[in-house]
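# Breakdown of the fold
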2 protein chains.
Amino acid sequence: MDVKTVAATYRDYQKKIRAYGHASGVLTYDKVTGAPKGAEAGVSETLEVLNEASYRLETSKELLDAVDFLYAHRDGLDRIMRREIEEYMRGVEYIKSIPEDEYMAFMTLTNEASDVWHRAKNENDYESFKPYLQKIFDTQRKFALYYKHDRDPYDTLLDFYERGLTKKRLDDFFGALKSSIVPLIAKISKARPIEDGFMHGHFPVDAQRRFSDYLMQVMCIDRERCSIDETEHPFTENFGKNDVRITTHYYDNDFTNSMYSVVHEGGHALYELGSGDEYEHTNIAGGASMAMHETISRFYENIIGRSRPFCKLILPKVRELFPQFEAVSDEEFYRACNVSRPSLIRMEADELTYALHIIVRYEIERDMIDGAYTADEIPRVWREKYKEYLGVDVPDDKHGVLQDSHWSGGSVGYFPTYALGSAYGAQILHKMKDDIDVDEAVRSGSTKAINDWLGEHIFRHSAMYDPDELLHMCTGESFDPKYYIDYLTSKYSKLYELS
Amino acid sequence: MDVKTVAATYRDYQKKIRAYGHASGVLTYDKVTGAPKGAEAGVSETLEVLNEASYRLETSKELLDAVDFLYAHRDGLDRIMRREIEEYMRGVEYIKSIPEDEYMAFMTLTNEASDVWHRAKNENDYESFKPYLQKIFDTQRKFALYYKHDRDPYDTLLDFYERGLTKKRLDDFFGALKSSIVPLIAKISKARPIEDGFMHGHFPVDAQRRFSDYLMQVMCIDRERCSIDETEHPFTENFGKNDVRITTHYYDNDFTNSMYSVVHEGGHALYELGSGDEYEHTNIAGGASMAMHETISRFYENIIGRSRPFCKLILPKVRELFPQFEAVSDEEFYRACNVSRPSLIRMEADELTYALHIIVRYEIERDMIDGAYTADEIPRVWREKYKEYLGVDVPDDKHGVLQDSHWSGGSVGYFPTYALGSAYGAQILHKMKDDIDVDEAVRSGSTKAINDWLGEHIFRHSAMYDPDELLHMCTGESFDPKYYIDYLTSKYSKLYELS
């Protein structure tokens, strides 16, 4: 056996596994975009067959032997292949650590849980979802311990989504954030509210579709390589760097909802579109981590998209499409795009209060994995924390613990990456300003200069580096939450004219 | 081995093969509908992997042994399984009769030929396509003889697409048709033309999209089980009876193009949507044959969709969406929807002249398989026949032999099913009128009564019966072209006020 032959075997398997992933991905994407409702059952049956075939490839002895061999000879591999094998090895070790029947049972559990959660959310029926939620937390704790029996299981879960992330680091970050943001929000609640009545009205969906096209143009998103569709909830999907899809949802009484979805998902898209060519068709392609992806999407959505120059840039198009904005000034529009108001729903939260929604979820999943309480108590804990951090009363579970799909799909340890992303973004902005005049770049009519800077420092590196390594390469220092806290404090103190 | 165990093995293979077909189908559908252009290369790579995996399943010894066993024990199978195995056995026997390397070579040939044809059509370059065309005819003749060495090879090819169809039957049908239609068309060319200037103008695509929704509603097409998308050429695809897709193409200077596409593809969709539940997940699901499918789509498009009551029914909606129709009367609209004008392009042909386009193709492929001449002579023969039957001069091959994709994809013997479909439809109409008042049904506001009748007599039987058997069950007699000839003669003599 020589490295070259074994590498070819590995590549051949990867090509097939990628093909199954591609097929499953398109089936799922099609199901939530163009397909008629009746497609659902057939898609599930087909995914079952494809997943089984893919699982058989992923766990085949030939592939695993190849990975073992390459890993043992990693010093002789080129840098991309070496990174690829090292990354792959973690996944293999995780899968190997879990008994096959338990792994399959968990797949079935999360499939069922997703359906149950959908119904439970619609019917505000936490009780029906509760046993699934408990089982998901229990299983994830068990799996984490199978994989790393001597590590805190929640640290293991966090590490899946963000390499090197720990409870300790998050407790520090979120502690600092809470101590400055909670009082800031309390002050804002007593300040003079920003006038945003003109943001409500009737906004025809056809005009909003044209507005999305305009926004993608402003963001310099290549439409030959990125499409936009409509779904219940916006998301970004990609099947390689030349086939990226973003989705949005149009509400005819609020055009900014879709507007900021497009800018947010457009950020994800730019990251994928800018992934290094040399990593295409490897597991290095795409973003460095979930948090780094969220960094980019939130960078475009909030730091750029809610900046004064961006609001000024797009207002003429807003006026053209929605004539009721004729009399709205640049400053009025900017301020209205930045209203902060504590709310119940994470997906509708503004830039300032968003992180507190995440902190609530973080503390609950951390403590659930610790076994501090059971799923019975989550709704109560949820209500208490929302009251304490955001000052709002949660009327029911539909507007509380049932609002997000993540846990039903088995994702535990994922939520913190959302808040981390915002914080990374502020640190990156600080560095970007050393190199380019960010406001001036936007005033020139597009985000091109910003795309280029991020392309050079972030996008092109794909997942070649761990996220903390990449952040350090990009900003010259380790993660420091102060940039984020300073950014929020400064921006919102000015907006609300706090003394 | 007992039948039950072997049947389970067969079903398990079929489930997997169906899943691969489903995945490939959705990838291809997505590629021509929502996907960005950049998706193409990735889709080809994935299809290659899926096709290979599927081919390995289809040709696995375990499956073929199971089919052999079940076929040998077919008397002990239930009616659906028996039909399924008998149908499956034909495909197996065909594949088995061809040496694997020749079969693979033909796949490669048609893949290449499709690309060459695309280019040749765009560049009006028959010479580059000619060697491929010759090879395709030669190979299909050879394969037909491998499969049935003692039968006329063109009869074998016809039988693939329409069980029991022969040259003899088509010569009789097309002979009768030519002798009545060719003189009718000649008479019409001297009659007073129908005024249809008002059919041209500007028709906004958004309004046409709303019109498509309206037409699908008139046809009672369940939108929960059938979607509509936009593609270069309209088609119908389905992934089971609960996931049917139709597509159309909007031209902003002609709304009837998309209108009749939607009604035509809507007919295909109704057939799939109405397939018997008991056949779902078997190879019996769907239509009885290509010709029977075309029967239904053309029935809705022409017999219903171009009828006086249908035109009258939809005109108010046409006026609402396209105000320029305010002053157009029911009779004017009806007549304009039925203009007959000999043309060069099959896809644009009207109800009356359509069959002649098919006859040209039929006579050429029949004679090519006979070896009566070579691909060198096709353009000349094409021009001569168009002149003789339709009275038109073919200016170049782009508007002649290069216009259709069928031969480049290897489909020889397929074209006749198009004409057969129209003729079956007229015979079915004759019988339907015994049971229901077809015009009155349409006047009531939808095609529901027609859908129900066809559902009862055709749709629900799926492919459980051979098409000629089904036609006999439905109409009480064998195929008789007189109904079609009478229908065309009567309708067009009145329209053009021929004496």
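Residues numbered from 1 in each chain as written. Chains lettered and ligands numbered in written order. Predicted model: local features only at pLDDT ≥ 70, side-chain atom pairs only at ≥ 80, totals over all residues. Heavy atoms only, no water.

## Points about the interface of chain A and chain B
- In this assembly, 34 residues from chain A lie in contact with 34 residues from chain B.
- Where chain A meets chain B, there are four salt bridges.
- Across the salt bridge formed by A:Lys15 and B:Glu48, the nearest N and O atoms sit 3.2 Å from each other.
- Applying the counting criterion to the chain A and chain B interface returns eleven residue pairs in polar contact (both at pLDDT 80 or more).
- Every element with two or more residues in the side of chain A that touches chain B is listed here: α1 (3-32), α2 (40-58), β1 (226-230) and β3 (244-248) of chain A.
- The element best represented in the side of chain A that touches chain B is α1(A), accounting for nine residues.
- Of the residues assigned to the side of chain A that touches chain B, the class counts are 14 nonpolar, eight polar and twelve charged. (Contact = heavy atoms within 4.5 Å. Salt bridge = Lys/Arg side-chain N within 4 Å of Asp/Glu carboxyl O. Polar contact = N/O pair within 3.5 Å; in protein donor to acceptor, adjacent residues only side chain to side chain. Helix = DSSP H or I, 4+ residues; strand = E, 2+ residues; numbered from the N terminus. Nonpolar A, V, L, I, M, F, W, Y, C, P; charged D, E, K, R; others polar.)

## Observations regarding the relation of the copies chain A and chain B
- By a simple turn and slide, chain A fits onto chain B: the slide is 0.4 Å along the axis, the RMSD is 0.5 Å, and the turn is 176°. As the rotation angle and translation indicate, the two copies are arranged about a two-fold axis. Judged by C-alpha distance, A:Ala23 is the residue of chain A that lies nearest the rotation axis, at 3.1 Å.
- The residues that chain A uses at the interface reappear at the interface of chain B in 100% of cases, marking a shared surface. (Least-squares fit on C-alpha atoms with pLDDT ≥ 70 in both.)

## Considering helix α8 (residues 167-190) of chain A
All names here are of chain A.
- Between its terminal C-alpha atoms α8 stretches 34 Å, which fits the 34 Å expected from 24 residues at 1.5 Å a residue.
- Lys 178 marks the point of greatest bend in α8, at about 30°.
- Restricting attention to buried positions, one finds in α8 the residues Lys 167, Leu 170, Phe 173, Phe 174, Leu 177, Ile 181, Leu 184, Ile 185 and Ile 188.
- The inward-facing, buried residues of α8 contact α7 (153-161), α14 (354-370), α16 (415-435) and α20 (482-495). (Expected span 1.5 Å × (residues − 1). Bend = angle between axes of the 7 residues up to and from the residue. Buried < 20%, exposed > 50% of the residue type's maximum accessible area, 1.4 Å probe, protein only.)

## Brief notes about the pairing of β3(A)
Residue and element names in this part refer to chain A.
- Of all five residues making up β3, five are buried, and the element is well covered by its neighbours.
- Here β3 shows two buried faces, one formed by Val 244, Ile 246 and Thr 248 and the other by Arg 245 and Thr 247.
- Where β1 lies against β3, five bridges are found, and the strand directions are parallel. Residue Cys 226 lies in a different strand from β3, and its bridge partner there is Val 244.
- Turn length for the strand β2 (residues 236-238)-β3 hairpin, with the two strands adjacent in sequence and antiparallel, is five residues, and the turn residue Gly 240 shows positive phi of about 95°. (Pairing = 2+ DSSP bridges.)

## Quick look at the packing of aromatic side chains
- For the structure shown, the criterion picks out 68 aromatic pairs over all chains.
- With a centroid separation of 5.8 Å and an interplanar angle of 15°, the aromatic rings of A:Tyr147 and A:Phe160 are classed as stacked. Taken as a pair, A:Tyr147 in helix α6 (residues 126-147) and A:Phe160 in helix α7 lie far apart in primary sequence, 13 residues in all.
- The exposure class of A:Tyr147 is buried, given its relative accessible area of 14%.
- One aromatic cluster is present, built from ring pairs that chain together A:Phe137, A:Tyr161, A:Tyr354, A:Trp382, A:Tyr386, A:Trp407, A:Tyr414, A:Phe415 and A:Tyr418.
- Just above the ring of A:Tyr354 sits the side chain of A:Arg298; from NZ or CZ to the centre is 3.8 Å.
- Above the face of the B:Phe415 ring, B:Arg361 is positioned so that its terminal group lies 5.5 Å from the ring centre. (Phe/Tyr/Trp six-rings, centres within 6.5 Å; stacked < 30°, edge-to-face > 60°. Lys NZ or Arg CZ within 6 Å of the ring centre and 35° of its normal.)

## So, the sheet that holds β3(A)
Residues and elements named next belong to chain A.
- Strand order in the open sheet made by the three strands is β1-β3-β2, with mixed pairing throughout. Bordering the open sheet on either side are β1 and β2, each of which pairs with just one other strand. Neighbour-to-neighbour, the strand axes of this sheet turn through a mean angle of 25°, independent of strand direction.
- Packing against the sheet, helix α9 (residues 205-218) makes contact with β1 and β3, and its axis sits at approximately 155° to β1.
- Sitting on the sheet, helix α10 (residues 255-273) is in contact with β1, β2 and β3, with an inclination near 170° to β3. (Axes fitted to C-alpha atoms, helices over the stretch in contact; angles between N-to-C directions.)

## Thoughts on the sheet that holds strand β1 (residues 226-230) of chain B
Residue and element names in this part refer to chain B.
- Taken together, the three strands give an open sheet; going across it, the order is β1-β3-β2, and neighbouring strands pair in mixed fashion. Two strands close off the open sheet at either side, each with one partner strand: β1 and β2 (236-238). The sheet shows a mean angle of 25° between the axes of neighbouring strands, taken without regard to direction.
- Relative to strand β3 (residues 244-248), β2 runs antiparallel, the two sharing three bridges.

## Quick word on the pattern of salt bridges
- What the rule picks out here adds up to 97 salt bridges over all chains.
- Among the salt bridges present, the one from A:Lys130 reaches A:Asp376, with a minimum N-O distance of 2.4 Å. With a gap of 246 residues between them, A:Lys130 in helix α6 and A:Asp376 in the loop between α14 and α15 (378-390) connect regions that are remote in the sequence.
- Taking relative accessible area as the criterion, A:Lys130 reaches 16% and is therefore assigned buried.
- A salt bridge links A:Arg245 to B:Asp30, with the shortest nitrogen-to-oxygen separation between them at 2.7 Å.

## Side note on the state of the cysteines
- Going through the model one piece at a time under the given rule, you end up with zero disulfides over all chains.
- No disulfide involves B:Cys474; its sulfur sits 20 Å from the nearest other cysteine sulfur, which is in B:Cys220. (Disulfide = S-S within 2.5 Å.)

## Looking at the domain arrangement of chain A
Residues and elements named next belong to chain A.
- Domains assigned within chain A are domain 1 (3-97) and domain 2 (126-499).
- Centre-to-centre separation of domain 1 and domain 2, based on C-alpha positions: 29 Å.
- Contact with domain 1, which involves 19 residues of that partner, is made by 27 residues of domain 2.
- When domain 1 packs against domain 2, the two sides together hide about 2,100 Å² of surface, and 54% of this comes from carbon and sulfur.
- Seen at the junction of domain 1 and domain 2, the total is three salt bridges. (Domains from an automatic or database assignment. Buried area = accessible area lost by both parts, 1.4 Å probe.)

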